[in-house]
Amino acid sequence: MSETTVTVESAAAEATSCCGSCGTGAGAAPAAESGLTSVFQVKGMTCGHCVSSVTAELKKLDGVEEVAVDLATGRVTVGSTLPLADSAVAAAVDEAGYELVGRVEA
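Keep in mind it's a predicted model, so treat the numbers as computed, not measured.

The rules behind each value
- Residues numbered from 1 in each chain as written.
- Predicted model: local features only at pLDDT ≥ 70, side-chain atom pairs only at ≥ 80, totals over all residues.
- Heavy atoms only, no water.
- Pairing = 2+ DSSP bridges.
- Helix = DSSP H or I, 4+ residues; strand = E, 2+ residues; numbered from the N terminus.
- Axes fitted to C-alpha atoms, helices over the stretch in contact; angles between N-to-C directions.
- Contact = heavy atoms within 4.5 Å.
- Salt bridge = Lys/Arg side-chain N within 4 Å of Asp/Glu carboxyl O.
- Buried < 20%, exposed > 50% of the residue type's maximum accessible area, 1.4 Å probe, protein only.

What follows is about the sheet that holds strand β3 (residues 36–43). Strand order across the open sheet formed by 4 strands is β4-β5-β3-β6, with antiparallel pairing between neighbours. The open sheet has two edge strands, β4 (64–70) and β6 (99–104), and neither has a second partner. Each strand axis lies, on average, 25° off the axis of its neighbour in the sheet, ignoring direction. In this fold helix α2 (residues 48–58) packs onto β4 and β5 (75–80), with an angle of close to 155° to the strand it touches most, β4. Each of β3 and β6 touches helix α3 (residues 86–96); the most contacted strand, β6, lies at about 145° to it.

The subject of this paragraph is the pattern of salt bridges. If you walk through the whole model with that rule in mind, you get 2 salt bridges. Salt-bridge contacts for E57 lead to K60; the nearest nitrogen and oxygen are separated by 3.2 Å. Its relative accessible area of 59% is what places K60 among the exposed residues. Note that R103 is salt-bridged to D86, the shortest N-O span being 2.6 Å. With R103 in strand β6 and D86 in helix α3, the pair connects residues that are 17 residues apart, well separated along the chain. Its relative accessible area of 38% is what places D86 among the partly exposed residues.

Following this line, the structure appears as structure tokens:
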């Protein structure tokens, strides 16, 4: 089972608000190399709890192996063995309580 590592800094240092669940701010984790890599822009994430929620929902999608969230940019990098439908990613992000802005083209 793969593990996602997140570095978390204080929300005050980043001048961002937090959802209040963990009292933390920005963080980032690089996705490990896998078959396919997709990058998405997600709106509303501000803390470690946000990262956990989005990561958990995305990992439920078929083929998803790795998820890395960069809170500073709102970008979510997903490593998968199967192509991901934007509609499936949007549904997972929505279930976590956030908004998928769209896919970021490399």
